[in-house]
Structures are given as C-alpha cells and as structure tokens.
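Each chain, letter by letter, is given below.
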Amino acid sequence: MAFRRRNKSYPFFSQEFLIQNHADIVFSLVIFILIGLMFEATAKTAILFIQPQYNITILSLEGEVTTYHYGWKDGATILFYFFIAIILHAVVQEYLLDKVNRRLHLSKSKNTKFNESGQLCVFHLVSSVWSFYILITEGYLLHPSSLWEHYPHSHLRFQVKFFYLTQLAYWLHALPELYFQKVRKVSHSDGLWFCLYILQSFFSCIMFSLNRVGLVLLFLQYVTELGFHIARLLYFTDENHQKMFDLWAVSFVFTRMATLTLMFLAVGFGLARSENQGLDVELGNFNTVLIRMTVLLVVCLTQSWLLWKFIRFQLRRWREFRHEQAVRKKATTKQPLRQLKRDSLGHHENGILKAENGLSSRTKKLKSP
C-alpha cells in the first residue's frame, strides 16, 4: 500500500526514507498487530492494542452493565490508534487534499495552511458528530444535572472511554506529523493548542473524573474550530468568501461564554453541593475546595487568554481593513482628477484635440496608442 508517488528513492534507515515512507511503515505495524489476533498464543497481547481494558461488569436495574476504568494498559491502546491516526492522515492528504491543491495552484505558505485546515476540518467534523452522539445517547444534554450528580464518574461507558482514547491518540500523533511534514518553524499557538487538547482530555478523563463535563467542552470547541477551518478553506478557494469568518467570530465568543458558564455551574455549584466531599484517589474523588478552585482558575485564565488573543486578532484585522479602504478611496479620488485635468483643455474629435470654445485655429494630432 503506497500512499504517495515516489519521485526519488532514498537509502534505508535514512531520515528522508522515514519521512517519505512513514505511513507505509506504520501500516505494516498495524497489520502485524492484527495478524496477532489470529493466533491463540498472541491474541491476548494483540487485544491490548485494539480493545479498551479494565472492564467491570455491574448489576443495575437495566441488567448487566459493563463499565471501564483506566490504567497503564491503556497506553497500548493509545499507541495502536496513534498508528491509525497517522494512516488516516496520509489517506486524507493523498486522496483528497493533494488533488484539490493541484487545481487551486496555491503558494507554498497557503498550501501548508490549506493542508492543515483540511486535516483538522475532517477531524473536527468526525469528533463533533461523535461527541454529540455520545451526549445524546448518554442523556447528558437532556439532563444537565447528570454532569455533576453521582460524582465521581471514574467508571466510563465503552463509547466514552473509546472516544477519549482516540482523542489522545490523535493529538499525540499531531506532534510527529510536524516532523514528517518537515515543518521547521512552529508558532507558539500551535504548540499551545496541542497541549490544551491533550491536557483537557487527559485531566478531565483520568485525573479529576470530569469526563462528562469534558465531553460537552470538547463538543463546543470542535464545532467552533470546524467553522473556522471551513471558513479558511473557502477563503483559499476564493478570497471574497469572508462572511464565514464573521460567523466563526460569533461562535468563538459564544463558546468562551458557554465554557465559563458550564464550568461554574458544574464545578462551582454542582460539585460544591455534592455529598461526596473529600479526596480519595482510589475512588477517583477529587471534590475538595482547593481542587475546585484550581480547576476554575485554570479554566478562567485559559478562556481569558483566548478572548484576549481573539480581540487582538480582530483589532488587527479591522485596522488592516480600514487601511485598505483608505488606500482604495485615495486611488479612486486621484483618477477622476487626472481625467478632469486632461479634459479641461478641450475635447477630442476624430483624433484631433480642439478647444472647448472652438475659436482656436491650432490643432494637434494625438499619438496612436
């Protein structure tokens, strides 16, 4: 399975060979793990990479319900879907984005941004639909109080744990992709976004048992990011399409306000009134005043920083727009003045410049263009 056309062959175990064939190498590792499922001696080891571990079956009114805990074996599952994310990244790049790039003929800088938005657009679309489906089926949207009731939520349903594992795998795969794509300079904002997504998924799911609130926050963030990357893709195809950026700006501010409101409602008020007050690491209970205040402080600082950065971006964009309008207005006012100055000397008739009053007997032939 070859994902890219080879224009030049490189020696084995070289840096260029690894960059050019990284998707094929990872695909071979995935096939090797899947073959391990076919044999009884290796099936127990291979299943660690594919299926979430630490399942617990409990009896409830609905019957037997299987929930999942977390542990060090989840690292193998994250590694497997880390490989899957690299393969899907190469498939989207080869069979979708590269074909569109050949038709658009973008510059090198715009081509890089187009590929980045294309990849993230696919990921945010899948993740937002998936997270919304989980929120509906688990009843978190219809019953908002379930986000903090019966805390701690250390035992997860299969689809919830699988969602978080794939999220961690994708955002971890984004870091080596910078090396595979030969990105020499990465802005601080890109690295910060990677860290924010990884930390939000990790701490909400594993550390503080806030996986239900984390699902809602990730859904809101993914929908907003999806709008931004769709707007940027439309802008690269036609620079006149800028109305989507205005819609994204509204959704961005709404997401920041909704995030703060939800965190204060769930952590500040919901967990504060919960009966399970105290610290119990084994049960996953972190409902103490210090931890709640720390979580709220981190969320407030993060959202404030994002709003400040957004306001600075919008102000810079507004100044550039005003500057362009002033330049265009200045250019349009100069052109009629030059035309008026030329026509004030007379009028043209059959290629001859004559005076306005027609009294002058002097004529002058105009040069042919």
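Since this is a predicted model, take the numbers as computed values, not measurements. (Residues numbered from 1 in each chain as written. Predicted model: local features only at pLDDT ≥ 70, side-chain atom pairs only at ≥ 80, totals over all residues. Heavy atoms only, no water.)

1. Focus: the overall build of the protein chain
Within the protein chain one finds 9 helices and 7 strands. With 369 residues in all, the protein chain has 37% of them scored as buried. Within the protein chain, contacts between residues at least 6 apart in sequence are counted, and of these 65% link residues at least 24 apart. As presented, the protein chain carries roughly 23,700 Å² of accessible surface, and 64% of it is formed by carbon and sulfur atoms. (Helix = DSSP H or I, 4+ residues; strand = E, 2+ residues; numbered from the N terminus. Buried < 20%, exposed > 50% of the residue type's maximum accessible area, 1.4 Å probe, protein only. Contact = heavy atoms within 4.5 Å. Areas by Shrake-Rupley, 256 points an atom, 1.4 Å probe, with all protein chains shown as cover.)

2. Considerations on the pattern of salt bridges
This structure, assessed with the given rule, holds 2 salt bridges. A salt bridge links Lys161 to Asp74, with the shortest nitrogen-to-oxygen separation between them at 3.0 Å. Taken together, the residues Lys161 in helix α5 (residues 158-180) and Asp74 in helix α3 (residues 74-104) connect sequence positions 87 residues apart. Both residues of the pair, Lys161 and Asp74, belong to the buried class. Here Glu116 and Arg232 are joined by a salt bridge, their closest N and O atoms 3.6 Å apart. Of this pair, Glu116 sits in helix α4 (residues 108-138) while Arg232 sits in helix α7 (residues 211-237), and the two are 116 residues apart along the sequence. (Salt bridge = Lys/Arg side-chain N within 4 Å of Asp/Glu carboxyl O.)

3. Structural notes on unusual backbone geometry
Along the chain, Tyr151 connects to Pro152 via a cis peptide bond; the corresponding omega equals 10°. Inspection of the secondary structure puts Pro152 in the loop between α4 and α5. In this structure, Tyr54 is a non-glycine residue whose phi angle is positive, near 60°. Looking at the secondary structure, you find Tyr54 in the loop between α2 (40-50) and β1 (55-60). Phi angles above zero are rare outside glycine, and His105 is one such case at about 55°. Among the structural elements, His105 can be located in the loop between α3 and α4. Among the residues examined, His105 registers a relative accessible area of 65% and is labelled exposed.

4. A few points about the nonpolar core
One finds Leu147, Trp171, Val213, Leu215 and Met263 to be the most contacted residues of the largest nonpolar core, which totals 36 residues. Secondary-structure elements contributing two or more residues to this core are α4, α5, α7, α8 (243-270) and α9 (289-343). It is α7 that provides the largest number of residues to this core, a total of 8 residues. In this structure, Phe80, Tyr81, Ile86 and Phe180 belong to the second largest nonpolar core, which totals 17 residues. (Core = buried A, V, L, I, M, F, W, Y, C linked by side-chain atoms within 4.5 Å.)

5. A word on the environment of Ala174
Structurally, Ala174 is set in helix α5. Given a relative accessible area of 10%, Ala174 falls into the buried group. The spacing of Ala174 and Phe82 is 92 residues in sequence and 9.4 Å in space, taken between C-alpha atoms.

6. Overview of the confidence of the model for the protein chain
Confidence along the protein chain averages 81 in pLDDT terms, with 81% of residues attaining 70 or more. A low-confidence stretch, residues 344-369 (pLDDT under 50), is modelled with 27 contacts involving residues beyond four sequence positions or located in other chains. (pLDDT = per-residue confidence, 0-100.)

7. Brief notes about empty space enclosed by the protein
What the rule picks out here adds up to 2 cavities of 30 Å³ or more. By volume, the largest cavity is sized at about 50 Å³. Taken together, Tyr151, Phe208, Leu210, Val267, Leu271, Phe286, Asn287, Ile291, Arg292 and Val295 make up the full set of residues lining the largest cavity. Mapped onto the lining of the largest cavity, the elements with two or more residues apiece are β4 (285-287) and α9. Ranked by residue count, the leading element in the lining of the largest cavity is α9, at 3 residues. (1 Å grid on protein atoms, 1.4 Å probe; cavity = no way out; pocket = protein on both sides within 12 Å on 5 of 7 lines; lining within 4 Å. Points joined across faces, edges and corners; volume = space filled by probe spheres on them.)

8. A closer look at the packing of aromatic side chains
Within this structure, the stated rule accounts for 22 aromatic pairs. With a centroid separation of 5.9 Å and 75° between ring planes, the pair formed by Phe163 and Tyr164 is classed as edge-to-face. A single burial state applies to Phe163 and to Tyr164, both of which are buried. Ring plane angle 75° and centroid distance 6.1 Å describe the contact between Tyr235 and Phe245, whose orientation is recorded as edge-to-face. Taken as a pair, Tyr235 in helix α7 and Phe245 in helix α8 lie far apart in primary sequence, 10 residues in all. Here the aromatic residues Phe114, Phe228, Tyr235, Phe236, Phe245, Trp248, Phe252, Phe310 and Phe313 are joined through ring pairs into a cluster of three or more. (Phe/Tyr/Trp six-rings, centres within 6.5 Å; stacked < 30°, edge-to-face > 60°.)

9. Section: the UniProt feature "transmembrane region" (unreviewed entry) in the protein chain
UniProt records the feature "transmembrane region" (unreviewed entry) at residues 21-39, 78-97, 118-142, 162-180, 192-210, 216-235, 247-269 and 289-308, using the numbering of this structure. Taken end to end, residues 21-39 is 79% helix and 0% strand, and its first and last C-alpha atoms sit 29 Å apart. Helix makes up 84% of residues 118-142 and strand 0%. Its end C-alpha atoms lie 33 Å apart. (UniProt positions renumbered as here; feature names shortened; annotations may be inferred.)

10. Some details on the packing of α4 against α7
Their axes nearest at 7 Å, the elements α4 and α7 cross at an angle of 145°. Considering the relative orientation of α4 and α7, their crossing is left-handed. Partitioned by chemical class, the residues of the contact of α4 with α7 number 17 nonpolar, 7 polar and 5 charged. (Axes fitted to C-alpha atoms, helices over the stretch in contact; angles between N-to-C directions. Left-handed = near helix turned anticlockwise from the far one by under 90°. Nonpolar A, V, L, I, M, F, W, Y, C, P; charged D, E, K, R; others polar.)

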